[in-house]
Amino acid sequence: MHIVYYCRHCKTYLGSIDSARVSYDDLGFTNLSDQEYEEILEYHAEDQTTYVKTVCEFCETALQQNPYLLLTNSPIQ
Ligand SMILES: [Zn+2]
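Predicted model only: the values in this text are computed from it and were never measured.

Peer 1: If you had to explain the packing of aromatic side chains to someone new, which residues and values would you point to?
Peer 2: All told, the structure shown has three aromatic pairs when counted by the stated rule. Note on Tyr6 and Tyr51: the rings are 6.3 Å apart at their centroids and 70° apart in plane angle, and the pair reads as edge-to-face. Here the residue Tyr6 occupies a position in strand 1 (residues 2-7), and Tyr51 occupies one in strand 4 (residues 49-54), the gap between them amounting to 45 residues. Members of the aromatic cluster, connected to one another through ring pairs, are Tyr24, Phe29 and Tyr37.

Right under this line is the structure:
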């Protein structure tokens with residue numbers, strides 16, 4: 001299983017896990033609701049990789065300081 005973590009805001013690569021011994025259960029993904037699961041996890045069958053959308057430290061700090069930045073991700077223009 002190949003899992004890649006990246007920032008949902010700036011798309012920065014944050015790290016990856018490449019192990020046959022790691023399961024979704026180990027990573028806590030099975031605790032997610034269906035909606036969270038859809039929002040956070042993205043499986044690409046062509047490269048058999050699961051992409052995990054998270055928030056990097058930089059964006060987390062930026063969002064704490066400027067919460068209105070969240071609005072830039074809103075589909076409402
Ligand atoms: Zn970021």
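Peer 1: Mind laying out the pairing of strand 2 (residues 13-18), listing which residues take part and the relevant values?
Peer 2: Relative to strand 2, strand 1 runs antiparallel, the two being bridged by five bridges. Along strand 2, the bridge assignment pairs Val4 with Ser16. Counting the residues between successive antiparallel strands, the hairpin from strand 1 to strand 2 contains five residues, one of them, Lys11, with a positive phi of roughly 65°.

Peer 1: Now, about the pattern of salt bridges: what can you tell me, with residues and values included?
Peer 2: Across all of its chains, the model carries one salt bridge by this definition. Its salt-bridge partner being Lys53, residue Glu42 comes within 3.3 Å of it at the nearest N-O pair. Note that Glu42 is positioned in strand 3 (residues 41-44) and Lys53 in strand 4, a separation of eleven residues in sequence. Judged by its relative accessible area of 28%, Glu42 is partly exposed.

What counts, and at which threshold
- Residues numbered from 1 in each chain as written.
- Predicted model: local features only at pLDDT ≥ 70, side-chain atom pairs only at ≥ 80, totals over all residues.
- Heavy atoms only, no water.
- Phe/Tyr/Trp six-rings, centres within 6.5 Å; stacked < 30°, edge-to-face > 60°.
- Helix = DSSP H or I, 4+ residues; strand = E, 2+ residues; numbered from the N terminus.
- Pairing = 2+ DSSP bridges.
- Salt bridge = Lys/Arg side-chain N within 4 Å of Asp/Glu carboxyl O.
- Buried < 20%, exposed > 50% of the residue type's maximum accessible area, 1.4 Å probe, protein only.

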